[in-house]
Amino acid sequence: MPKQNIHPTWYPEAKVIYNGEVVMTVGSTQPVINVDVWSGNHPFFTGTSRIIDTEGRVDRFMKKYGMVARKEDA
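Residue positions are given per chain, counted from 1 along the sequence in the order it is written. A pLDDT threshold of at least 70 governs which residues receive local features in this predicted model, and a stricter bar of 80 or more applies before side-chain atom pairs are shown or counted, although totals over entire chains, interfaces and linings include all residues. Derived side-chain values reflect all non-hydrogen atoms in the structure, with water molecules and hydrogen atoms excluded from consideration.

**Regarding the overall build of the protein chain**
Helices and strands together make up the secondary structure of the protein chain, namely two helices and three strands. Each helix is a run of H or I in the DSSP string that is no shorter than four residues. Each strand is a run of E no shorter than two, and both are numbered from the N terminus. Along its sequence from the N terminus, the protein chain presents helices and strands in the succession β-β-β-α-α. Looking at the protein chain residue by residue over its 74 residues, the buried ones come to 7%. Under the convention used here, a 1.4 Å probe and the Shrake-Rupley method define accessible areas, while residue burial counts only the protein chains that appear. Surface summary for the protein chain: the accessible area is close to 7,000 Å², and the carbon and sulfur share equals 54%. Three labels apply to residues, based on accessible area from a 1.4 Å probe with only protein chains included: buried if under 20% of the type maximum, exposed if over 50%, partly exposed otherwise in between.

**Points about the sheet that holds strand E1 (residues 11-18)**
One bridge is not enough; two strands pair if DSSP finds at least two bridges between them. Spatially, E2-E1-E3 is the arrangement adopted by the three strands of the open sheet, whose pairing is mixed. A strand with exactly one partner marks an edge of an open sheet, and here the two such strands are strand E2 (21-28) and strand E3 (32-34). Averaged over all neighbouring strand pairs, the angle between strand axes comes to 30°, with direction disregarded. As paired strands, E1 and E2 are joined by six bridges and run antiparallel to one another. Across the sheet, residue Tyr11 finds its bridge partner in E2, namely Ser28. Axis definition: a line fitted to C-alpha atoms, over the contacting stretch in the case of helices. Angles run 0 to 180 degrees between N-to-C directions.

**Section: the packing of aromatic side chains**
Note on aromatic contacts: the rings of Phe and Tyr and the six-membered ring of Trp form a pair at centre separations within 6.5 Å, being stacked when their planes are under 30 degrees apart, edge-to-face when over 60 apart, and tilted otherwise. Applying the stated criterion across every chain yields a total of two aromatic pairs. Their ring planes at 50° and their centres at 6.3 Å tell us that Tyr18 and Trp38 sit as a pair that is tilted. Within this pair, whereas Tyr18 is found in strand E1, its partner Trp38 is found in the loop between E3 and helix H1 (43-46), the two being separated by 20 residues in sequence. Take Trp38: its relative accessible area is 24%, and that puts it in the partly exposed class. A centroid spacing of 4.8 Å and a plane angle of 50° characterise the contact between Phe61 and Tyr65, whose relative ring orientation is tilted.

**Section: the confidence of the model for the protein chain**
In the predicted model, the protein chain carries a mean pLDDT of 81, and 80% of its residues have values of at least 70. Per-residue confidence from the predictor is given as pLDDT, running between 0 and 100. Across the protein chain, the element-wise mean pLDDT spans from 70 in H1 up to 95 in E3.

The following block contains the structure:
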């Protein structure tokens, strides 16, 4: 027999929240899930290209590898 009372609580109607709005409900061990990316705004599903810059990581990467656009002196 499996052990009793060792599994987390299951929420069959957990709310997935993106940008303050409920975008879907799923089964989860958390009652509310806050996400930054979901299928409704992911470039693979929307066909658009968008860089999600968290805490300046893209800028830091561009500077590190010399990919920053430089102003040309006229």
